[in-house]
Amino acid sequence: MNTDEDLCSSIVAWLPAFQTETVETALISLSDAFIEYLKQDGIRLPPSLRQPAAAATPADDSWDEEETWVGDEFTDVQQELQSLLKQFGGRVFVKTNWSAPRDASYMTVDNTLCARSVADIFLLLKGSDRVAHDLLEAPRLTLAVRRWVAITPSSEFRCFVRDRCLVGVCQRDVQNYYGFL
């Protein structure tokens, strides 16, 4: 992911020029420690983001009670995300420079990419193979936090711009055919 084309397609590169033409977005630079946390196997939230456990627990001797959390809880990231959630009306869409965690929608209550809490954001990022790919390939990762807008897949398009001039448009959802288009 080091070609000029790849770098130009990053939201970090194009957002400043098209900020007034797209959904309200804030960019968060991610620390190396947070990126390492995202790279770790498993989906484990910092203690401050965990829901209280149910009263009943398995009686199995191998049941591991609460594992000890070691390290940073990323309170700075949590506070920034909480502030953006409030600013954007309590519902946001997150993505990295290049990829949205589309493969992790199962992590939210309603199976969408709409995050309503900081825990939802962490779960979407940790549960996505697409985000994991970016973590391994991207030279520098940024998190884009966007105001949630429910977009009908048939109404979503990719636009190609060269020298500030629209040169092409294609359907974003290439898996389906929409006869009315």
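Up top is the structure these notes are about.
Since the structure is predicted, the reported quantities are computational estimates derived from the model, not experimental observations.

Participant: Hey, could you run me through the environment of Arg-116 in this one?
Facilitator: Within the secondary structure, Arg-116 is located in the loop between strand 2 (92–96) and helix 5 (118–126). For Arg-116, a relative accessible area of 41% corresponds to the partly exposed category. Between the C-alpha atoms of Arg-116 and Lys-86, which are 30 residues apart in sequence, the distance is 9.7 Å. Of note is the side chain of Arg-116, whose polar atom sits 3.1 Å from the side chain of Asp-110.

Participant: What am I meant to see in the sheet that holds strand 3 (residues 142–147) here?
Facilitator: As a general point, the strands of a sheet are linked pairwise by backbone hydrogen bonds and lie either parallel or antiparallel. Reading across the sheet, the three strands line up as 1-3-2 and stay open at both edges, with antiparallel pairing between neighbours. This sheet does not close on itself; its edge strands, each paired only once, are strand 1 (25–29) and strand 2. Mean inter-strand twist for the sheet, computed between neighbouring axes without regard to direction, equals 25°. Of the strands in this sheet, strand 1, strand 2 and strand 3 are in contact with helix 2 (residues 11–18), which crosses strand 1 at around 145°.

Participant: Sorry, what's going on with the packing of helix 4 (residues 75–87) against helix 5 here?
Facilitator: In a pair of packed helices, the angle between the axes and the distance between the axes together describe the arrangement. Put simply, helix 4 and helix 5 touch, their axes get as near as 9 Å, and they point 115° apart. Classified by the angle between their axes, helix 4 and helix 5 sit roughly perpendicular to one another. Crossing of helix 4 over helix 5 shows right-handed handedness. Residue-level contacts link Val-77, Gln-78, Leu-81, Gln-82 and Leu-85 of helix 4 to Val-118, Ile-121 and Phe-122 of helix 5. For the contact of helix 4 with helix 5, a count of residues per class yields six nonpolar, two polar and no charged.

Basis of the calculations
- Residues numbered from 1 in each chain as written.
- Predicted model: local features only at pLDDT ≥ 70, side-chain atom pairs only at ≥ 80, totals over all residues.
- Heavy atoms only, no water.
- Helix = DSSP H or I, 4+ residues; strand = E, 2+ residues; numbered from the N terminus.
- Buried < 20%, exposed > 50% of the residue type's maximum accessible area, 1.4 Å probe, protein only.
- Polar contact = N/O pair within 3.5 Å; in protein donor to acceptor, adjacent residues only side chain to side chain.
- Pairing = 2+ DSSP bridges.
- Axes fitted to C-alpha atoms, helices over the stretch in contact; angles between N-to-C directions.
- Contact = heavy atoms within 4.5 Å.
- Parallel < 35°, antiparallel > 145°, perpendicular 65-115°, else oblique.
- Left-handed = near helix turned anticlockwise from the far one by under 90°.
- Nonpolar A, V, L, I, M, F, W, Y, C, P; charged D, E, K, R; others polar.

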